[in-house]
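Commentary on secondary and tertiary structure
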Amino acid sequence: RVVYVNGRYVPYRDASVHVEDRGFQFADGVYEVCEVRNGRIIDESRHLARMRRSLKELSISFPMADAALRLVMGETLRRNRVRNGLVYLQVTRGAAKREFTFPDPDAVAPTLVVIARSVDPAIGEAVAQAGIRIVSVPENRWARVDIKTIGLLPNVLAKMAAKTAGAREAWFVDRDGFVTEGGSSNAWIIVGDALVTRHAEHGILRGVTRTTLLDLIAIEGLRFEERQFTIDEAKTAREAFVTSATTILTPVVQIDDTPVGDGKPGDIVLRLRQRFHDIAE
Ligand code: PDD
């Protein structure tokens, strides 16, 4: 196995970045996770566009042109013989003497890491067929969760709380009882015949899977409501599910101690999951 680090493909066990990398000291960096399916990177353009936006919001220079980065991603997949799995991109502001303020951009280069990993798609499919449990946790993240930064400690703690409770994902709930999103996914419910998810302008990451699902919802002529919903509404919803590059669409069958619907994966979410890769680019 090899990983790409700053212009070189190096053996996995030897790969390293500097101890004064600002990603390590300040979580001063961004990342993307893309699904790889049958050798294809799903929604690659949308992921690259979002990474560009994250970098711009943090005034980190983009390490290379999109076309070059696509080549690196493809080559990393090829060298690791990944046909199904994921590709992880991370860019940090680079290594510099520890100071809070940005180093001179002419004096540091951003650190770029690309890691590819095989994952058997049958695993995710089995999880989706069984459905997952969610625990609710208080929203305690910063206000710029629209930027996909590597500062993920609240997400780590939330997902750890979920795991301890025997659940697979945590949903952050704000002080007014509204669900923002999952620890590493967007949150959805189905009420009546409408698919409901929070508007992406506030308090969540604009998921690429969410965006592509909106395309699918339009193609299928389904009803969509972009609005916030409370954790109590979610518990009484007909169906609930999460979206992300790693889960695609995965049904939620229980929230805290309450079964969702009849406690089995919903028909609508399972059908949309089957259709998702027909329309994703
Ligand atoms: N997480 N919200 C959060 C907080 C996320 O971390 C993610 C993705 C999403 C869904 O975004 P997308 O559909 O573009 O994957 C929403 C990735 C998978 C991760 O951190 O592993």
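Residues numbered from 1 in each chain as written. Predicted model: local features only at pLDDT ≥ 70, side-chain atom pairs only at ≥ 80, totals over all residues.

The name an unreviewed UniProt entry assigns to the chain is Probable branched-chain-amino-acid aminotransferase, from the organism Flaviflagellibacter deserti. Listed under Function (unreviewed entry) in UniProt, the entry text for the chain is "Acts on leucine, isoleucine and valine." UniProt's Sequence similarities (unreviewed entry) comment on the chain is quoted here verbatim: "Belongs to the class-IV pyridoxal-phosphate-dependent aminotransferase family." (UniProt positions renumbered as here; feature names shortened; annotations may be inferred.)

On to the overall build of the chain, then. When helices and strands are tallied, the chain shows 8 helices and 15 strands. Each principal axis of the C-alpha atoms in the chain carries an extent, and together these give about 55 × 40 × 35 Å. Contacts in the chain between residues far apart in sequence, at least 24 positions, make up 70% of those at least 6 positions apart. (Helix = DSSP H or I, 4+ residues; strand = E, 2+ residues; numbered from the N terminus. Contact = placed C-beta atoms within 7 Å.)

Grouped together as the largest cluster of nonpolar side chains are 32 residues, with contacts concentrated most on Ile134, Ala170, Ile189, Ala240 and Val252. Listing elements by their share of this core, those giving two or more residues are β7 (132-138), α5 (153-164), β8 (169-173), β10 (186-191), β11 (194-197), β13 (239-244), β14 (248-255) and α8 (267-279). Sequence-distant contacts of Ile134, that is, excluding residues within four places in its chain, are made with Ala167, Glu169, Ala170, Trp171, Val252, Gln254 and Ile255. If you look at the next biggest cluster of nonpolar residues, it comprises 24 residues, including Ile41, Ile42, Leu69 and Leu89. (Core = buried A, V, L, I, M, F, W, Y, C linked by C-beta atoms within 7 Å. Buried ≥ 20, exposed ≤ 12 C-beta atoms within 10 Å, placed from the backbone.)

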